[in-house]
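Structure assessment
Chain by chain, the residues:
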Amino acid sequence: MSTNIDTSRSPLEATAFSKRIAAFIVIIYAAIAIIPMLLIVTTAFKSTTDAITYPPKILFKPSLEGVVNLSTQRTRQSKEYLKSLPPPRTWYEKIVRKRQMVIAGPSRFFQRFVNSLVIGFGSTFFSVFLGTLAAYAFSRFKIPLKDDLLFFILSTRMFPPIAAAVPIFLMYRKLGLNDTHLGMIVLYTVVNLSLSVWLLKGFIDEIPKEYEEAALVDGYSRLSAFFKIILPQAATGIAATAIFCLIFSWNEYAFAILLTFREAQTLPPFIPTIIGEGGLDWPAIATATSIFMLPVIVFTIILRKHLLRGITFGAVRK
Amino acid sequence: MSEVKLENISKNFDQIQAVSNLSFTVKHGEFVVLLGPTGAGKTTTLRLIAGLEWADEGRIQIGDMDVTKSQPAERDVAFVFQQYSLYPNYSVYENLAFPLRSPLRKSSKQEIDKKVREVAGILHIEDKLQNRSTHLSGGEMQRVAIGRALVRDPNIFLMDEPLSSLDAKLREELRLELKNIQVNLGATLLYVTHDHVEATTMADRIGVLKEGELIQFDTPSNIYNSPNSIYVANKLGSPKINIIPAHLLAVDVPETVKFIGMRPEHVKIDESAKLEAKVETIQNLGVEEIISMNFNGEIIRATVRPDEAHKVRDSIKFNIDTENILFFDEASQRVQI
């Protein structure tokens, strides 16, 4: 008796059944992984009271209290004083009045958010820019002590950066780089550079040098060959490296809390300082965290198609 | 198009002598093939002419200009690489237009378009112009790579085994096309290969390289009929030339002759001949048969017409065209008699 074999698929391919099992596992994992994110985003739209009820409310009356609390500074007033005020003119004033408070001014959140963007993307740009140039040089040119230099670059990553925190703090104070955007960009660039040089060198090594040689013979300088041929080929590696660098500098907490307090403070040290009255203001913190997550998610989605490796390597005959 | 002249070129890579004391001239409009095994310095020679490597010693001249120390772009040569030939992020059209868009050749858009379409026509890839260079078959890729050289009017075309990765049928086809194109354009072309058929079918002159040295530089027929050493004799011809110790044949030769060489087509099976051997294998190629026979412990190959009936292990009689015999001394060098 012959068994029924589905001849439409190759023996190396998974069966429909095993694909279904795989999909099932992935969906379960995704569901578990998304719970904390969901919790944060829903908390952002809960009222202060709903946010701390136990067990947590799945269904709740959406409120913009978190957003308002995050973006304003408020003071508590006596009932008599509140009564003496004219009725609230805007929706956010209404929300604040309900808690017996008045708006004293805007909060510092958005300034901190801009700081995070400037420092995060700024240092990512410099890490990737310098990293690409260095990686290209290490990949293509004869450099004396090349291996030792590469090891030195890697070794800067070998001890925890925070171990150098005190010397850096003193150095920055002398140089006037404490609490400046420039100081933080330089610091994160230095920390990320070793990762970026090593990652990118791997990617550039894989680009056959024949491409540049062909361009040189075709009448181009090395620089224009680099921009016209190598850079588009390295896009995959550059995208991946940029995401790694951004994630590090975006999330960095220890140096940020040590070296920034006002002008250049980023969101990681700022978010824990959002305190409500009689406890933490969870909706405001959740709103801040949700906004904090957005840029990295957007950046990753934009660069996603470059992350799929191997698309452009098809013209290579080996 | 210009004449390209190499004078006493040497090049080392670390401890390895890639090219040593190489001198030859590719004349204007000439098709020269450098023939040699892997590691003979063929590719290095091309790269030295293109300026992708600096020569340690010697002088390279293109036309009237000494280019020994010039940048690749200044030499105005076209290079077809053995592999990795196309820019993967560009379409076929852009690949062909790329050399014309170089800052050194300010061509107008119309000129570029005209030239690209003309070359695409010559190479029969007109309908592939909009394809991405990654979406081509191996043969098409290599046509585009050759096309990228043809769009230009360089001093010399340098080609590094451009057909080696193609299948046999396509290789034969492109070989003919390439030769036709070269003749029609009157192009100066230096071509590198380890395939002796490519060498003999296309070349005006062949340079045989061995371990970085030029052993012989001559026309295909001279290389075939009058090689200056056993090494060169072995390079051309299929089946290979028979080389046997001189004492096995009762021929009257000077003392210095230690080896005798004869091409398989000069070995004649003849029942009335004196020499006798035993048939070891017979290969039928359709148009001819190759008989390998054991003659006093040496294998001698003869090409015969397939209608001659021979069997393996048969005893067989043969003689040799004496006027076509080649003599070599102890150092494998040719001895003229």
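Note that residues are indexed from 1 along each chain, following the sequence as it is written. As they are written, the chains are lettered A onward and the ligands numbered 1 onward, keeping that order. Selection of residues for local features in this predicted model requires a pLDDT of at least 70, selection of side-chain atom pairs for listing and counting requires 80 or more, and totals for whole chains, interfaces and linings are taken over all residues. With hydrogens and water stripped out, all remaining heavy atoms of the structure feed into the side-chain values.

Only protein atoms enter the 1 Å grid used here. Points where a 1.4 Å probe fits but cannot escape make up a cavity, open sets with protein on both sides within 12 Å along at least five of seven lines make up a pocket, and a residue lines them when an atom lies within 4 Å of a point. Grid points are joined across faces, edges and corners, and a volume is the space filled by probe spheres set on the points. Reported here for the largest pocket is a volume of approximately 760 Å³. Lining of the largest pocket is provided by 20 residues; of these, A:Arg140, A:Arg222, B:Arg47, B:Leu52 and B:Glu53 occupy positions nearest its centre. Only helix H10 (210-217) of chain A together with strand E1 (4-13) of chain B provide two or more residues apiece to the lining of the largest pocket. Ten residue types, Ala, Val, Leu, Ile, Met, Phe, Trp, Tyr, Cys and Pro, are classed as nonpolar, four, Asp, Glu, Lys and Arg, as charged, and the remainder, Gly among them, as polar. Of the residues in the lining of the largest pocket, the class split is 6 nonpolar, 3 polar and 11 charged. Strands are runs of DSSP state E lasting at least two residues, helices are runs of H or I lasting at least four, and both sets are numbered from the N terminus onward.

Bringing the confidence of the model for chain B into the picture now. On average, chain B scores 89 in pLDDT, and the residues at 70 or more come to 99%. At the level of chain-chain contacts, confidence expressed as ipTM amounts to 0.82, with global pTM at 0.80. The pLDDT value expresses, per residue, how confident the predictor is, ranging between 0 and 100.

This part is about the pattern of salt bridges. What counts as a salt bridge is simple: a side-chain nitrogen of Lys or Arg found within 4 Å of a carboxyl oxygen of Asp or Glu. Across all of its chains, the model carries 26 salt bridges over all chains by this definition. Here A:Asp218 makes a salt bridge to B:Arg148, at a shortest N to O gap of 3.6 Å. With one member in each of two chains, A:Asp218 in the loop between H10 and helix H11 (222-251) and B:Arg148 in helix H5 (residues 138-150) form a pair that bridges those chains. Like B:Arg148, A:Asp218 is buried. For B:Lys11, the salt bridge goes to B:Asp56, with nearest N and O atoms at 3.8 Å. Taken as a pair, B:Lys11 in strand E1 and B:Asp56 in the loop between helix H1 (42-50) and strand E4 (57-62) lie far apart in primary sequence, 45 residues in all. Whether a residue is buried, partly exposed or exposed follows from its accessible area with a 1.4 Å probe, protein chains only, as a fraction of its type maximum: under 20%, in between, or over 50%, in that order. On the basis of relative accessibility, which here comes to 41%, the residue B:Asp56 falls in the partly exposed class. Connected through shared salt-bridge partners, A:Asp218, B:Asp76, B:Arg105, B:Arg148 and B:Arg152 make up one network.

Residue and element names in this part refer to chain A. Centres within 6.5 Å are what make two rings of Phe, Tyr or Trp a pair, Trp counting through its six-membered ring; a difference in plane orientation under 30 degrees is then read as stacked, over 60 as edge-to-face, and the rest as tilted. According to the stated counting rule, one finds 21 aromatic pairs over all chains in the structure shown. With a centroid separation of 4.9 Å and 80 degrees between ring planes, the pair formed by Phe109 and Phe110 is classed as edge-to-face. We classify Phe110 as partly exposed; its relative accessible area is 45%. Relative to Phe299, the ring of Phe121 lies with its centre 5.4 Å away and its plane at 85 degrees, an arrangement referred to as edge-to-face.

Next up on the list: unusual backbone geometry. A cis amide bond, omega -5 degrees, links A:Tyr54 with the succeeding residue A:Pro55. With respect to the element layout, A:Pro55 can be found in the loop between helix H2 (48-52) and helix H3 (65-71). The omega torsion of the bond from B:Ser238 to B:Pro239 falls at -5 degrees, within 30 degrees of zero and hence cis. Locating B:Pro239 in the fold gives a position in the loop between helix H9 (230-235) and strand E11 (242-245).

Residues and elements named next belong to chain B. By secondary structure assignment, the location of Ala50 is in helix H1. Assessed through its relative accessible area of 0%, Ala50 is described here as buried. C-alpha separation for the pair Ala50 and Asp76, spaced 26 residues apart in sequence, amounts to 8.4 Å.

A word on the interface of chain A and chain B. Note on contacts: a residue pair is in contact if any heavy atoms of the two residues lie within 4.5 Å. Counting from both sides, the interface comprises 21 residues of chain A and, opposite them, 33 residues of chain B. What counts as buried area is the accessible surface, traced by a 1.4 Å probe, that two parts surrender upon association, with contributions from both included. Approximately 2400 Å² of surface area, both sides summed, lies buried where chain A meets chain B, with 60% of it carried by carbon and sulfur atoms. Remark: the boundary between chain A and chain B carries 3 salt bridges. Across the pair A:Asp218 and B:Arg152 runs a salt bridge whose closest N-O atoms are separated by 3.4 Å. We define a polar contact as two N or O atoms separated by no more than 3.5 Å, with the added condition that, inside protein, one atom must be a possible hydrogen donor and the other a possible acceptor, whereas residues neighbouring each other in sequence contribute only through side-chain atom pairs. At the boundary of chain A with chain B, the tally comes to 11 residue pairs in polar contact (both at pLDDT 80 or more). Residue contributions to the side of chain A that touches chain B peak at 7 residues, all from H10(A). Here the side of chain A that touches chain B is built from residues that sort into 11 nonpolar, 4 polar and 6 charged.

Moving on, we get to the packing of H5(B) against helix H6 (residues 168-185) of chain B. Residues and elements named next belong to chain B. Where H5 contacts H6, the two axes come as close as 12 Å, and the packing angle between them is 15 degrees. On the basis of the axis angle, H5 is roughly parallel to H6. Our pair here, H5 against H6, has a crossing hand that is right-handed. Across the interface between the two elements, Gly139, Arg143, Ile146 and Leu150 from H5 touch Leu170, Glu173, Leu174, Glu177, Leu178, Ile181 and Leu185 from H6. All axes are obtained by fitting lines to C-alpha atoms, using only the stretch in contact for helices, and the reported angles, taken between N-to-C directions, cover 0 to 180 degrees. Any angle from 65 to 115 degrees is called roughly perpendicular, while one under 35 is roughly parallel, one over 145 is roughly antiparallel, and all others are oblique. For any helix crossing, the convention is left-handed if the near helix is rotated counterclockwise from the far helix by under a right angle, and right-handed if that rotation is clockwise.

A water-sized probe rolled over the atoms picks out the places where empty space is left. Residue and element names in this part refer to chain B. In this structure the tally under the stated criterion is 1 cavity of 30 Å³ or more. In this structure, the largest cavity is lined by Leu150, Phe157, Met159, Leu178, Ile181, Gln182, Leu185, Ala187 and Leu189. Where the lining of the largest cavity is concerned, the elements lending two or more residues are strand E7 (156-160) and H6. Among the elements that make up the lining of the largest cavity, the one with the highest residue count is H6 (4 residues). Within the lining of the largest cavity, the residues separate by chemical class into 8 nonpolar, 1 polar and no charged.

Another point: the sheet that holds strand E13 (residues 267-269) of chain B. Residues and elements named next belong to chain B. Should DSSP find at least two bridges between two strands, the strands are taken to pair. In spatial order, the strands read E13-E17-E14-E15-E16; together these 5 strands make up an open sheet with antiparallel pairing. Since the sheet does not close on itself, it has two edges, and those belong to E13 and strand E16 (298-304), each with one partner. Direction aside, neighbouring strands of the sheet carry axes that sit 45 degrees apart on average. Two elements, strand E15 (residues 289-295) and E16, share 7 bridges in a ladder whose sense is antiparallel. For Met293, the partnering residue across the bridge sits in E16 and is Ile300.

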